[in-house]
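# Observations on chain architecture
Chain by chain, the residues run as shown.
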Amino acid sequence: MKPTTDLQKPVIKTELPGPKGREIIAADAKYVTPSYPRPDYKLVAEKGYGVWVEDVDGNIFLDCNAGVAVCSTGHCHPEIVEAITRQTQNLIHMCGTDFYYRHMPDLAQKLDEIVPIEGATKTHFANSGAEAVETALKVAMHHTKRQKFISFFSSFHGRTLGALSLTSSKAAQRRGFMRQALDVIHVPYPNKFRHFANNQPTDEETITRDCLAWIEERIFKTTTPPDEVAAIIIEAVQGEGGYVPAPKGFLQGIRRICDEHGIVMIVDEVQSGMGRTGKMFAIEHSGVKPDVMCLAKGIGSGLPIGICIAKDSIMNWGKGAHASTFGGNPVCIASALKTIELLENGLVENSREVGAYLEAGLNKLKDKYDVIGDVRGFGLMLGVEFVTDKNTLAPAPELRDKIEYACYERGLIILGCGANSIRWSPPLILSKENVDVALEIFEEAIKVSI
Ligand SMILES: Cc1ncc(COP(=O)(O)O)c(C=O)c1O
């Protein structure tokens, strides 16, 4: 699979959004829920091909967001389209909760081969990231017969009530929903650019030590005895929270704590998985082997699929304990199997190589502009944190929003994450030529916004 290089630059030919786009936005405002957390800019998509998205008015954008890290193989990859089309001609739905078809064991076996979970696994199929997380929570409760969970500040695990109890990246996600549905305690995430005590940079050893101590010395000895904890759930790279990778030593520390206390280690790879970080799974950068993993987004190349995969000694619940009508739909699985094939045949490698190229370019911008405080991540999962200046490192959320908007006006789709960061989560087919174009626009957007 070769990266796409045909169309070199975005083409913006109308005001943004254009007249057709404005009509759709007006209809959306009238009929669609206002709860979606859309950014300031308004993109009304009509077509997608490779790394390009065309809006309803014929403007063409370079997409460095991939529908929020979903279109891992690019928009409408011909082999994905072919696999889906072929499947729709044979079997669209059968309900794997009550009947059998080959797709479920095919994908489960493939996942068993590639996930970094020690020993034999079992897979449960659902339709979204949140449902994959719900499954992980239920399986951990069922297995341990415990009820408490540990999650991290700034984490995002979804918006269903169980997953929402874990999620803590923005108050708007929680406001109005009263008490947590589950007994979850939140602890600081090891963000070495912003130590939880003073919001200032520190080193990996310090943040690792302090965050582990928070769990072992503080909450285990006060509110949350470890023998009552069913699971610790962590993103190896925090996604919505700002594209922040956890240090290797911290993830190893969590593994140790889980082993010492019979706690299930759940790694949520919904955003960081499927090649995005230059390895198939972000947790592989640490060498840590989790007990349970959650996958969604990039595994389906745009089709809805949510996966919870666990050690088979953990996912050993009985008939009727958990199921989903649409989960593991044959069309979605056909897309997932083809996605994994494309990832294994070059796209994970491309993510690593082009990601390193993009990271080098972003670091050059960081050296040049006082407002870039941090560039971080792996592969094509890179975060850029905006600050008022490099002395105070005060967060600059408004500047971030301005830059995001200025990129859109110039034909580059990127999206914010955290309070003041921008995430780069392009399709994994991105080429170095695409990166050059994207960085030129990004720099121009910074210049006009500061
Ligand atoms: C790490 C992580 N977990 C879970 C979810 C929830 O996924 P979904 O929106 O498919 O329910 C997301 C979504 O952004 C995510 O980034």
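Residues numbered from 1 in each chain as written. Predicted model: local features only at pLDDT ≥ 70, side-chain atom pairs only at ≥ 80, totals over all residues.

## Examining the overall build of the protein chain
Assigned secondary structure in the protein chain consists of 11 helices and 17 strands. Whereas a compact globule of 450 residues would reach a radius of gyration of roughly 22 Å, the protein chain reaches 21 Å, a difference of no more than 12%. Viewed in the frame of its principal axes, the protein chain has a C-alpha envelope of about 60 × 60 × 45 Å. Counting all 450 residues of the protein chain, 51% fall into the buried class. (Helix = DSSP H or I, 4+ residues; strand = E, 2+ residues; numbered from the N terminus. Rg over C-alpha atoms; globule rule 2.2 N^0.38 Å. Buried ≥ 20, exposed ≤ 12 C-beta atoms within 10 Å, placed from the backbone.)

## A word on the sheet that holds strand 16 (residues 415-417)
Sheet strands pair by backbone hydrogen bonding; their relative direction is either parallel or antiparallel. Here we have 4 strands laid out as an open sheet, ordered 13-14-17-16, and antiparallel in their pairing. Edge positions in the sheet fall to strand 13 (372-378) and strand 16, since each has one partner strand and no second. Ignoring which end each strand starts from, the neighbouring axes of this sheet average 30° apart. As paired elements, strand 16 and strand 17 (residues 421-424) share 3 bridges and run antiparallel to each other. If you follow Cys417 over to strand 17, its bridge partner there is Ser421. Against the sheet, helix 9 (residues 330-368) engages strand 13, strand 14 (381-386) and strand 17, with an angle of about 170° to strand 13. In the packing of helix 10 (residues 397-409) onto the sheet, contacts are made with strand 14, strand 16 and strand 17, and the angle to strand 17 comes to roughly 40°. (Pairing = 2+ DSSP bridges. Axes fitted to C-alpha atoms, helices over the stretch in contact; angles between N-to-C directions. Contact = placed C-beta atoms within 7 Å.)

## Description of the pairing of strand 11 (residues 292-295)
Of the two faces of strand 11, the one lined by Val292 and Cys294 and the one lined by Met293 and Leu295 are each fully buried. The pairing of strand 10 (residues 264-268) with strand 11 spans 3 bridges and is classified as parallel. Looking across to strand 11, one finds that Ile266 is bridged to Val292. Examined bridge by bridge, strand 11 and strand 12 (residues 306-311) share 4 bridges and lie antiparallel to one another. By the bridge assignment for strand 12, Met293 is matched with Ile309.

## A few points about helix 10
Spanning 13 residues, helix 10 covers 19 Å between terminal C-alpha atoms, matching the ideal 18 Å at 1.5 Å per step. All of the buried residues along helix 10 are Arg400, Ile403, Glu404, Cys407 and Tyr408. The arc that holds every buried residue of helix 10, seen down its axis, measures 140°, which confines them to one face. Considering only its buried residues, helix 10 is in contact with strand 14, strand 15 (412-413), strand 16, strand 17 and helix 11 (432-449). Of the residues flanking the end of helix 10, it is Gly411, one or two places downstream, whose phi is positive at about 95°. (Expected span 1.5 Å × (residues − 1). Arc of directions from axis to C-beta.)

## A look at the pairing of strand 3 (residues 60-63)
Pairing of strand 2 (residues 52-55) with strand 3 involves 3 bridges; the strand directions are antiparallel. When the bridges of strand 3 are listed, Trp52 appears paired with Leu62. Taken together, strand 2 and the strand that follows it, strand 3, pair antiparallel across an intervening segment of 4 residues, in which Gly58 is found at a positive phi of about 85°.

## Here we look at the packing of helix 10 against helix 11
Packing of helix 10 against helix 11 leaves a shortest axis separation of 8 Å and a crossing angle of 130°. When the axes of helix 10 and helix 11 are compared, the pair comes out oblique. Where helix 10 crosses over helix 11, the handedness of that crossing is right-handed. Along the contact surface, helix 10 presents Leu399, Lys402, Ile403, Ala406 and Cys407, while helix 11 presents Ile441, Phe442, Ala445, Ile446, Val448 and Ser449. (Parallel < 35°, antiparallel > 145°, perpendicular 65-115°, else oblique. Left-handed = near helix turned anticlockwise from the far one by under 90°.)

## Comments concerning the domain arrangement of the protein chain
As assigned here, the protein chain comprises domain 1 (19-77 + 347-449) and domain 2 (95-328). Computed over C-alpha atoms only, the centres of domain 1 and domain 2 are separated by 26 Å. Opposite the 29 residues of domain 1 that make contact, domain 2 presents 26 residues. Counting residues per element, the ones that place at least two in the side of domain 1 that touches domain 2 are helix 2 (66-69), helix 9, strand 13, strand 14 and strand 17. (Domains from an automatic or database assignment.)

## Quick notes on the site of the ligand
Near the ligand lie 14 residues; those nearest to it are Gly129, Ala130, Gly158, Val270 and Gln271. Ranked by residue count, the leading element in the shell around the ligand is helix 5 (residues 129-144), at 3 residues. For the shell around the ligand, the class distribution of residues is 5 nonpolar, 6 polar and 3 charged. (Near = placed C-beta within 6 Å. Nonpolar A, V, L, I, M, F, W, Y, C, P; charged D, E, K, R; others polar.)

## Let's talk about the sheet that holds strand 6 (residues 183-187)
Across the sheet, 7 strands lie side by side as 4-12-11-10-7-5-6; this open sheet has mixed pairing. Lying at the two open borders of the sheet, with one neighbouring strand each, are strand 4 (121-126) and strand 6. Recorded for the sheet is a direction-independent mean angle of 20° between the axes of neighbouring strands. By the bridge criterion, 5 bridges tie strand 5 (residues 148-152) to strand 6 in an arrangement that is parallel. Counterpart to Phe152 in the pairing with strand 6 is Val187. Its contacts with the sheet put helix 4 (residues 103-114) on strand 4 and strand 12, and the angle it makes with strand 4 is roughly 130°.

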